[in-house]
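Examining the three-dimensional arrangement
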Amino acid sequence: MADFRTSTHRERWIFQTNDLMDRWGAANQRATETLVQYGTTRLKVDPVDGSLSYPEPAPDHVVGSSGVKPLSCEEERLMRVFYEQKIQEVCSAFKFPHKIQATAIIYFKRFYLQWSVMEHHPKHIMLTCIYSSCKVEENHVSAEELGKGIQQDHQIILNNEMIVLKSLDFDLIVYAPYRSIEGFVDDMEDFCRAGNGEHQRLQDLRQTAISQVDKMMLTDAPLLYTPGQLALAALHKSNDMHKILNFERYLESVFSRQHSDCPIEQFVGSINMINYLVEQLKIPTPKDMRHIDRKLKHCLDPSSQDEHKKKEKKSKHKSKRAANEAQLDS
Amino acid sequence: MVVVSSGGGGGGNAWAKEMTIRRRMASIFNKTQDHFSCLKDYNDYLEEVEDMTFNLIEGIDVEEIEAKIARYQQENAEQIYLSRAKRAEDLAAALKASRMNPGKAAASDTAAGSSQGISSSAGVQGQYAPAAVGMSQPRPTGMAPQPIGGSSDPLQGDDEETMRLRAERGARAGGWTIEMGKRRALEEAFSSIFI
């Protein structure tokens, strides 16, 4: 049976906020330097072993020219959240269990701790993360089937598989809060000495907590806190709505059975911080993403910018048509 | 990483081609161990046939091998014909024996129903009569004897309760109980509260 205490998840993939900022900043900086030097940020990936080669410099590129602007860290963050939400939509469409959805999102988050979205398009990485997650969680779906379901070439999924696995350091076992929620709800039944009516209310509590975790997966919390902490934060929030038990007394009960040096006040602070992150979450709409997506397209393929400029010049006297073309570009 | 060498159709075609070649070779080179004086000669014969088959499948020395096959076919025409005839007879005998079995099984059931030891024993022995008569190589009859008392198995039947019981016992046979799921959930919950 898998054990969180001895897992790589606990040992290597839980960070402080500063660590996350440093890694995102480093990836963004590296991509920016690549853009300055080569005129593009797209990296070529060998599908057999995931090795990289830097792009060919654009024919008309002058080192240091500022024709194309890189994405900022904030824009990259919005893009990551947008595609993580897309992962949830795809998994819902395929009716995958929550565990697969969470595993795919965690793979996606870990991948983009190593890379910038300017280096590997998140639309492709997202699919490969879902594919790998299905294999790891013993719910295998072939790449052809996955590609067919979302109208994408299945070869894209396979080409990125090795680079994704290498970027995760092959640490494929991850822990999502969903099973922890099951455990805590079972424990709460004993805590409440629940009868039949209480049992039904606890099931409602569980469902609301699961919905809360779905939102939680889109924040940075899964990289900062353990699954048990995330589960308790979700149950805390859910209990605020359902008012089933005195959560403070329940936490004291939990702590009295643990041998921990962590004071309960500090733990409550962590729970409140997790719930704060969820409240602060804003999922970008496709409209919000349009500008960032065009910017990313130019970073990956600078020639598309010149073509876009030509289109604009031709139609600058017909503003409505220009607006339509801008929408079509999205 | 899956390296796709060709489309699924190609794979299917390759398989069909191989089976066609193998069936053709088996119908021509149909000697059995009885045709050889010692095991080594028989094994050498089998190896040579497999080499030729493999080369045909891979497209190696095809003309030379086809000539060899034609020559062998000419020289051993009578033996090939006789072996095919014997195989056909064996197959017919096996089918006939298999077709006779339902009656035997029914008789066996009747005997079992009567609970007379001697009759039951006779019925069971009777099932193997075809194998004892005139066949040098007995073949499976394709139908297992009916278990005595099979109708009293509590897990037989298609109703919902029986299917649920069967699934539950199947899981338990594999070592799983619902308590294991709960225990795992509790362990993961409490072991991951702290870093």
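Cut-offs applied
- Just so you know, the residues in each chain are numbered from 1, in the order the chain's sequence is written.
- As they are written, the chains are lettered A onward and the ligands numbered 1 onward, keeping that order.
- Confidence filtering applies because this is a predicted model: local features only for residues at pLDDT of at least 70, side-chain atom pairs given and counted only at 80 or more, and all residues used for totals across whole chains, interfaces and linings.
- For side-chain calculations, the full set of non-hydrogen atoms in the structure is used, while hydrogens and water are omitted.
- Each helix corresponds to a stretch of at least 4 residues labelled H or I by DSSP, and each strand to a stretch of at least 2 residues labelled E; elements are numbered beginning at the N terminus.
- Residue exposure (1.4 Å probe, protein chains only): buried if accessible area is under 20% of the type maximum, exposed if over 50%, otherwise partly exposed.
- Contacts were defined at the residue level, with two residues in contact if any of their heavy atoms lie within 4.5 Å.
- Using the Shrake-Rupley algorithm and a 1.4 Å probe, accessible areas are obtained, with residue cover drawn only from the displayed protein chains.
- A cavity, in this analysis, means grid points on a 1 Å lattice covering only the protein atoms where a 1.4 Å probe fits yet has no way out; a pocket is instead an open set bounded by protein on both sides within 12 Å along at least five of seven lines, and a residue lines either one if it has an atom within 4 Å of a point.
- Grid points are joined across faces, edges and corners, and a volume is the space filled by probe spheres set on the points.
- Each residue receives one of three labels: charged for Asp, Glu, Lys and Arg, nonpolar for Ala, Val, Leu, Ile, Met, Phe, Trp, Tyr, Cys and Pro, and polar for the others, Gly being one of them.
- Segmentation into domains, and thus their bounds, comes from an automatic or database assignment.
- We count a salt bridge whenever a side-chain nitrogen from Lys or Arg sits within 4 Å of a carboxyl oxygen from Asp or Glu.
- The term nonpolar core refers to a set of buried residues drawn from Ala, Val, Leu, Ile, Met, Phe, Trp, Tyr and Cys, joined through side-chain atoms within 4.5 Å.
- Defined in terms of a 1.4 Å probe, buried area is the accessible area two parts forfeit on being brought together, summed over both.
- Values of pLDDT, ranging from 0 to 100, describe the predictor's confidence in every residue of the model.
- To estimate the expected span of a helix, subtract one from its residue number and multiply by 1.5 Å.

Looking only at helices and strands, chain A has 17 helices and 2 strands in total. Counting only residues that meet the buried cut, chain A has 49% of its 330 residues in that class. Within chain A, contacts between residues separated by at least 24 positions form 76% of all contacts whose residues are at least 6 apart in sequence. Summing over all exposed atoms, chain A offers an accessible surface of approximately 16,500 Å²; the carbon and sulfur share of this is 49%.

Here we take up the layout of surface pockets. All names here are of chain A. When its volume is computed, the largest pocket comes out at roughly 660 Å³. Around the largest pocket sit 29 residues that line it, and Met-21, Trp-24, Arg-77, Asp-220 and Leu-277 are the ones nearest its centre. Of all the secondary structure elements, the ones that give two or more residues to the lining of the largest pocket are α2 (17–38), α3 (73–93), α11 (221–224) and α14 (264–280). A total of 7 residues in the lining of the largest pocket trace back to one element, the largest contributor, which is α3. Split into classes, the residues belonging to the lining of the largest pocket amount to 15 nonpolar, 7 polar and 7 charged. Counting contributing residues, the lining of the largest pocket receives three or more from each of domain 1 (7–166) and domain 2 (175–278).

Our focus in this paragraph is the pattern of salt bridges. All names here are of chain A. Counting across every chain of the model gives 21 salt bridges over all chains. Arg-5 is the salt-bridge partner of Asp-3, the closest N and O atoms lying 3.7 Å from each other. The exposure class of Asp-3 is partly exposed, given its relative accessible area of 27%. Connected through salt bridges with shared partners, the residues Arg-12, Asp-169 and Asp-171 form a single ionic network.

For the rest of this paragraph, the subject is the nonpolar core. Core analysis: the largest hydrophobic core is formed by 95 residues, its most contacted members being A:Ile130, A:Ile181, A:Phe184, A:Leu232, A:Leu235 and A:Phe267. Here this core takes 10 residues from helix α4 (residues 98–114) of chain A, the largest share from any one element. Here this core spans two domains, since at least three of its residues come from each of domain 1 (7–166) and domain 2 (175–278) of chain A. Dropping the residues within four chain positions of it, A:Leu235 is found in contact with A:Ile181, A:Phe184, A:Val185, A:Met188, A:Leu205, A:Ala209 and A:Phe247. Formed by 15 residues, the second largest nonpolar core is a distinct cluster that contains B:Ile21, B:Tyr42, B:Tyr45 and B:Ile69.

Facing 15 residues of chain B, the contacting portion of chain A comprises 34 residues. Each partner contributes to the roughly 2,300 Å² buried at the junction of chain B and chain A, and carbon and sulfur atoms together form 66% of this total. A:Arg179 is paired through a salt bridge with B:Glu188; the nearest N and O atoms lie 3.6 Å apart.

Moving on, we get to the confidence of the model for chain B. Overall, the predicted model of chain B reaches an average pLDDT of 72, with 64% of residues at or above 70. For the stretch residues 103–138 of chain B, pLDDT sits under 50, and the model shows 17 contacts to residues farther than four places along the chain or on other chains.

Our next topic: helix α8 (residues 178–191) of chain B. With 14 residues, α8(B) extends 20 Å between its outermost C-alpha atoms, agreeing within 8% with the 20 Å of an ideal straight helix rising 1.5 Å per residue. Here α8(B) has its buried residues at B:Ala185, B:Glu188, B:Ala189, B:Phe190 and B:Ser191. The inward-facing, buried residues of α8(B) abut α9 (177–192), α12 (227–242) and α13 (247–256) of chain A.

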